[in-house]
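Analysis of the macromolecular model
For reference, the chains in residue letters:
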Amino acid sequence: MIIIDPASPVPPFEQLRAQLAAQIQDRTLAVGTRLPAIRRLAADLGLAVNTVGRAYRELEEAGLIETRGAAGSYVSAAGEQGRERARRAAAEYAAVIAGLGIDPAEAVRIVQAALGRGVSEA
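Predicted model, so just to flag it, every value in this text is computed and none were measured. (Residues numbered from 1 in each chain as written. Predicted model: local features only at pLDDT ≥ 70, side-chain atom pairs only at ≥ 80, totals over all residues. Heavy atoms only, no water.)

1. Overview of the overall build of the chain
Scanning the chain from N- to C-terminus turns up five helices and two strands. Taken over the C-alpha trace, the chain has a radius of gyration of 18 Å; the compact-globule value for 122 residues is 14 Å, which it surpasses by more than 25%. Taken along the three principal axes of its C-alpha coordinates, the chain extends 55 × 35 × 25 Å. Put simply, of all contacts in the chain between residues at least 6 apart along the chain, 46% involve residues at least 24 apart. For the chain, the exposed surface amounts to about 8000 Å²; the carbon and sulfur share of it is 58%. Averaging the positions of the 14 positive and the 14 negative side-chain charges in the chain gives two centres separated by 5 Å. (Helix = DSSP H or I, 4+ residues; strand = E, 2+ residues; numbered from the N terminus. Rg over C-alpha atoms; globule rule 2.2 N^0.38 Å. Contact = heavy atoms within 4.5 Å. Areas by Shrake-Rupley, 256 points an atom, 1.4 Å probe, with all protein chains shown as cover. Lys, Arg positive; Asp, Glu negative; His and termini not counted. Charge placed at Lys NZ, Arg CZ, Asp CG, Glu CD.)

2. Some words on the confidence of the model for the chain
Averaged over all residues, the pLDDT of the chain equals 90, while 91% of them reach at least 70. Per-element averaging of pLDDT across the chain places helix H4 (residues 78-100) at the bottom with 84 and helix H2 (residues 38-45) at the top with 97. (pLDDT = per-residue confidence, 0-100.)

3. Topic: unusual backbone geometry
With a phi close to 70 degrees, Arg27 is a non-glycine residue in the positive phi region. Note on placement: Arg27 falls in the loop between helix H1 (12-25) and H2. On the basis of relative accessible area, Arg27 is assigned to the partly exposed category, the value being 48%. (Buried < 20%, exposed > 50% of the residue type's maximum accessible area, 1.4 Å probe, protein only.)

4. Brief notes about the environment of Ala62
One can find Ala62 in the loop between helix H3 (49-61) and strand E1 (65-67). Given the relative accessible area of 55%, Ala62 is considered exposed. As a C-alpha pair, Ala62 and Ala43 span 19 residues in sequence and 25 Å in three-dimensional space.

5. Points about H3
End to end, H3 covers 18 Å across 13 residues, agreeing with the expected 18 Å (1.5 Å per residue, within 8%). Of the positions making up H3, those classed as buried are Val52, Gly53, Ala55, Tyr56 and Leu59. Along the long axis of H3, the arc covered by the buried residues comes to 160 degrees, so they all point the same way. Counted as exposed and oriented over 90 degrees from the buried face of H3: Asn50 and Glu61. Residues of H3 that are buried in the fold lie against H1, H2, E1 and strand E2 (73-75). After H3 finishes, the residue Gly63 shows a positive phi value of roughly 80 degrees. (Expected span 1.5 Å × (residues − 1). Arc of directions from axis to C-beta.)

This is the structure:
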């Protein structure tokens, strides 16, 4: 279920993108699930077709969905692969932290600071 709050300062495309991404990440929408057609979802939510299209494009760029032309858009297995890649990176980070003797609480603060800055500075 998607809910768009017209009073929210968050743009509708971002509300839609964030809710779909959350449903994909928590597996409410399983890999292979076909998403509603852009026009149909736009009509159902009372949004412009371009608004839904932008949300779908951003989800595709993030690897969470894939579009198969006229066959529609589907939840991508790449999202699951990304989650596994993140698990491996976390395990590697934990090994480095342990090797350096850094306290786990400080290691978490380092990660939180890095996430706050974004990965472009890495």
